[in-house]
Structure formats: structure tokens, C-alpha cells
Amino acid sequence: MAADLTLGDILDLRAYERVREEYRREIIALKQRRRVALGPIMTLVFECFETVRFQVQEMARVERIATDDGLQAELDVYNRLLPGPGELSATVFSELTTPEDLRRWLPALVGVERSIGLEVDGGNGAGPLRVRSEPEAAHAASLTRDVITPAVHYLRFPFTAAESEALGGGQATLVADHPAYAARTPLGPATLEELRDDLAGRVRRIPLG
């Protein structure tokens, strides 16, 4: 499991400015390995300790948050994006850039937060195992409208022991099977390595100075 971020993991504003350029380069490379396009309009970024720490550091920078209380409030929000034991977590972006696309897709995609899955090879001719998405709890509580969906979703993928073992030794495909949106994307080796680390609880930290 990725341990929660604490105040000790976050640099103050001046210290962060000194390392930000190099840190951003590291995060861009990390997100390239953890980003998966799913069909023409959806992108998933699988979250981990460093992707979440970067979001907190950038939010503190933009909002000029300098107090422990202010930073802790941000940590309380963003720690919910970290994967728990035996699960993956991801942020899903609907890449909609025009008013016409927003009007078309956001009503059509209601329920998409439960229509994404990871197919892993079950082995021994058993066929693929499907790990289905679940909305993050606080995000699920905010989904009060049944006629339109948000453009961003926060998902979890809870794995059984057998599914974790299968991912550790085989291939995987990201799948959307919503009535209005079907897509499949095989995961590349670099992405698989990242996700296997997540499930195994291996946390890779980027030194900040």
C-alpha cells in the first residue's frame, strides 16, 4: 500500500521552487508510463505516491499555502487518490474540448465510473479475469445527478489475490464496456511494471533535493 502523504513529504514553497523544474521532468516521465488512452476521448492516469505528491505541491504553489493546517487540508483530500491494499487507483479524464462534445458525451456517459475494467489472463485456459472499476467513495457520494456525468472520475480497481497473481505474471487490457462507449487498450510493459509495483505495495519515491 502507498503510505499516506504527510506534512514531512511536502516541501515549503521556497524549497519547492528550487527543485520544481527537475521534479516536473521526473513526474512527466512517470505519468507517461502510467497514462493510458482508452478509446478516442478517455485517458486514465494510474495514481501513486509521487503523482499525488506532485498534485499537492502544485496546489500549494498555486494557492500559496504555507501553513501546516492549510497543507494538511490538501493532504486529506488528495490522500484519497492513493491506492489501498490490493488495489489500483486512477483518475479518468474525458478529453472533451468543445461545447458540442460536452453536450453529446456527458449525458451519454452516465454510469461510466462502473463500466471500466482491467482484463488479466487467468492462465491455464481459464480465460481472462475482469477487475471492474468502482468510484472512489467520496467521489461516488458526489454523483447525485443521473442525467449527466462529470468530465473527471476517480476510480479504484480492487484485486483479489488470484487477480493480483495473474497481473504479476501476464498481460492486461484496459476495457470500457459502457453502452455508449466501448474501447480496449492493451497495456504496455512500462505501464504493467508500474501497476505491479502498486499492487505489491512498492513505493518509488523521487528525491526532492
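Residues numbered from 1 in each chain as written. Predicted model: local features only at pLDDT ≥ 70, side-chain atom pairs only at ≥ 80, totals over all residues. Heavy atoms only, no water.

Asks: Just checking my understanding: could you explain the pairing of strand β9 (residues 181-186) for this structure?
Replies: Side chains Y181, A183 and T185 of β9 all project onto a buried face; the interleaved residues A182, R184 and P186 project onto a face where none is buried. Inspection of the sheet shows strand β8 (residues 172-178) paired to β9 by 6 bridges, in the antiparallel sense. Across the sheet, the residue bridging to D177 is A182, located in β9. Where β8 folds back on β9, the antiparallel hairpin that results is connected by 2 residues. (Buried < 20%, exposed > 50% of the residue type's maximum accessible area, 1.4 Å probe, protein only. Helix = DSSP H or I, 4+ residues; strand = E, 2+ residues; numbered from the N terminus. Pairing = 2+ DSSP bridges.)

Asks: Explanation requested: helix α7 (residues 189-200) in the structure shown.
Replies: An α-helix turns once every 3.6 residues. As a result, residues three or four positions apart point the same way. The end-to-end C-alpha distance of α7, which contains 12 residues, comes to 16 Å, matching closely the 16 Å that a straight helix rising 1.5 Å per residue would cover. Within two residues after α7, G201 carries a phi angle of roughly 75°, on the positive side. (Expected span 1.5 Å × (residues − 1).)

Asks: Help me out: how do you make sense of the layout of surface pockets in this one?
Replies: Rolled over the atoms, a probe sized like a water molecule indicates the empty space that remains. For the largest pocket, the calculated volume is near 250 Å³. L30, R34, C48, E194 and R204 are, among the 20 residues lining the largest pocket, the residues nearest its centre. Elements with a minimum of two residues in the lining of the largest pocket: α1 (13-34), α2 (49-63) and α7. Ranked by residue count, the leading element in the lining of the largest pocket is α1, at 5 residues. Partitioning the lining of the largest pocket into residue classes produces 9 nonpolar, 1 polar and 10 charged. (1 Å grid on protein atoms, 1.4 Å probe; cavity = no way out; pocket = protein on both sides within 12 Å on 5 of 7 lines; lining within 4 Å. Points joined across faces, edges and corners; volume = space filled by probe spheres on them. Nonpolar A, V, L, I, M, F, W, Y, C, P; charged D, E, K, R; others polar.)

Asks: It is not clear to me how the packing of α2 against helix α3 (residues 68-78) should be interpreted in this structure. Could you clarify?
Replies: The relative placement of two packed helices comes down to the angle between their axes together with the axis-to-axis distance. Between α2 and α3, the least distance of the axes is 10 Å, while the angle of their chain directions is 145°. The handedness of the crossing between α2 and α3 comes out as right-handed. Contact residues: V52, Q55, V56, M59 and A60 in α2; L71, E74, L75 and Y78 in α3. Residue classes in the contact of α2 with α3 are distributed as 7 nonpolar, 1 polar and 1 charged. (Axes fitted to C-alpha atoms, helices over the stretch in contact; angles between N-to-C directions. Left-handed = near helix turned anticlockwise from the far one by under 90°. Contact = heavy atoms within 4.5 Å.)

Asks: What am I meant to see in the nonpolar core here?
Replies: Nonpolar side chains in soluble globular proteins generally cluster together in the buried interior. Membership of the largest hydrophobic core comes to 32 residues, with the highest contact counts inside it found for M42, L44, F46, I116, L118, F157 and L174. Every residue in contact with L174, bar those within four places of it in the chain, is listed here: V36, L38, L44, F46, I116, G117, L118, A183, R184, T185 and L187. (Core = buried A, V, L, I, M, F, W, Y, C linked by side-chain atoms within 4.5 Å.)

Asks: Any chance you could explain empty space enclosed by the protein here in plain terms?
Replies: Counting across every chain of the model gives 1 cavity of 30 Å³ or more. Here the largest cavity defines a volume of roughly 50 Å³. Together, E47, R80, L81, S89, A90, T91, E136, Y154, L155 and R156 line the largest cavity. Elements represented by at least two residues in the lining of the largest cavity include exactly β3 (87-94) and β7 (152-158). Residues of the lining of the largest cavity, tallied by class, amount to 4 nonpolar, 2 polar and 4 charged.

Purely spatial values, then, with no claim about function.
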